[in-house]
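Descriptive structure summary
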Amino acid sequence: MKKVILAAVGSTVMISGVATADTLYENGGPDGTNGYSNATSGVFGARRTVLDDFILAEDSTVQDFHWNHLWNSFPPGSGVGLELSFRSDAGGSPGVPIATAVVTGYSEVATGNTYFSRAEAASWVTIEDLDLSAGHYWWEATIVGPENNFWLTTAVQDNECWVNYDDLGGLQSGSSQFGAAADMNFRLTGVPAPGALALIGLAGLAGSRRRRA
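Read on for a plain summary of the structure. (Residues numbered from 1 in each chain as written. Predicted model: local features only at pLDDT ≥ 70, side-chain atom pairs only at ≥ 80, totals over all residues. Heavy atoms only, no water.)

What the rule picks out here adds up to 15 aromatic pairs. Each ring, one from F65 and one from W139, has its centre 5.1 Å from the other, and the planes form 75°; the classification is edge-to-face. With a gap of 74 residues between them, F65 in strand β4 (residues 60-71) and W139 in strand β9 (residues 135-144) connect regions that are remote in the sequence. Exposure remark for W139: the relative accessible area of 0% places this residue in the buried category. Aromatic side chains W138 and W162 sit 6.5 Å apart centroid to centroid with 80° between the ring planes, which places their arrangement in the edge-to-face category. You can see W138 sitting in strand β9 and its partner W162 sitting in strand β11 (residues 162-165), a full 24 residues away along the chain. In this structure, W138 and W162 share a single accessibility class: buried. Following the ring pairs from residue to residue traces out a cluster consisting of Y25, F54, F65, W67, F86, Y106, Y137, W139, W151 and F186. For the cation-ring pair, R48 lies above Y165, with the distance from its terminal atom to the ring centre recorded as 5.0 Å. (Phe/Tyr/Trp six-rings, centres within 6.5 Å; stacked < 30°, edge-to-face > 60°. Helix = DSSP H or I, 4+ residues; strand = E, 2+ residues; numbered from the N terminus. Buried < 20%, exposed > 50% of the residue type's maximum accessible area, 1.4 Å probe, protein only. Lys NZ or Arg CZ within 6 Å of the ring centre and 35° of its normal.)

Here it is in C-alpha cells:
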C-alpha cells in the first residue's frame, strides 16, 4: 500500500513540475503615448501606485509578472523589487484588497529602446504561487527603487487603468488624473486550472489501485 501512495505522490509532483508557465493575461507592450508616475514612499514624501484589471478565464496559479517602464534619471537596472497586491473588481473599478504577492525574484534590464528621451527597462518578478479562481481582478503595484519611475502605457484593452496617489487625490481613474484613458502594459504568467493537475494526480492514484487490486 505504501508503494502505491508514494507512486501517486510522485506522479502528482512530476505533473506539476513539468507544467510550463502559460500567459494567463496580457495587455500588450508599450505604445509610446504615455507613462504613469509610479514611485515608492519617500520619493515625493508620498506613495504612488498604478492599477490595472485582468480577467482569468479559469482557475489559475499566478507565478510571474512582466512590464516595461522608465526611470526619471537613473539607468535601467536601478530597481530592486516590486510591491504587488491584488484587488477584487467593483463593476469596472478596483475593489477591495484580496491578496498580497510574496516576491521571490526580480530582474530589470535595458531593452535598447527609448521613450521620452529615457532608456526603457523591461522587468520581471516571480512570486510565490498565488491561486486565484476564474474571474475579474485588479493588480496594484509600485516599483522599489531610488526615484520616480514611469510605468509605460498601452491602448485600452478592458477598463482603463487607475492610479493611487497619496499626494494627488488618492485612488482615481487614469483619465481623471491625466485627462486620457490608457492601460498599463503587463503580462501575467502561471499555470491555468491548478485543480485539474490535482485531479490528474488523483486519477493516477485510482488507476494504480485498480491495477494492484
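Quick look at the pattern of salt bridges now. Pairing between side chains of opposite charge can happen when their charged atoms approach one another. Following the criterion strictly, the structure yields four salt bridges and no others. Between E26 and R187 there is a salt bridge whose closest N-O contact spans 3.7 Å. Separated by 161 residues along the polypeptide, E26 in strand β1 (residues 22-26) and R187 in strand β14 (residues 187-192) bring together distant segments of the chain. A relative accessible area of 24% places R187 in the partly exposed class. With its nearest N and O atoms 2.6 Å apart, the salt bridge here joins E83 to R47. With E83 in strand β5 (residues 81-89) and R47 in the loop between β2 (35-37) and β3 (48-56), this pair connects stretches of sequence that are 36 residues apart. Take R47: its relative accessible area is 28%, and that puts it in the partly exposed class. (Salt bridge = Lys/Arg side-chain N within 4 Å of Asp/Glu carboxyl O.)

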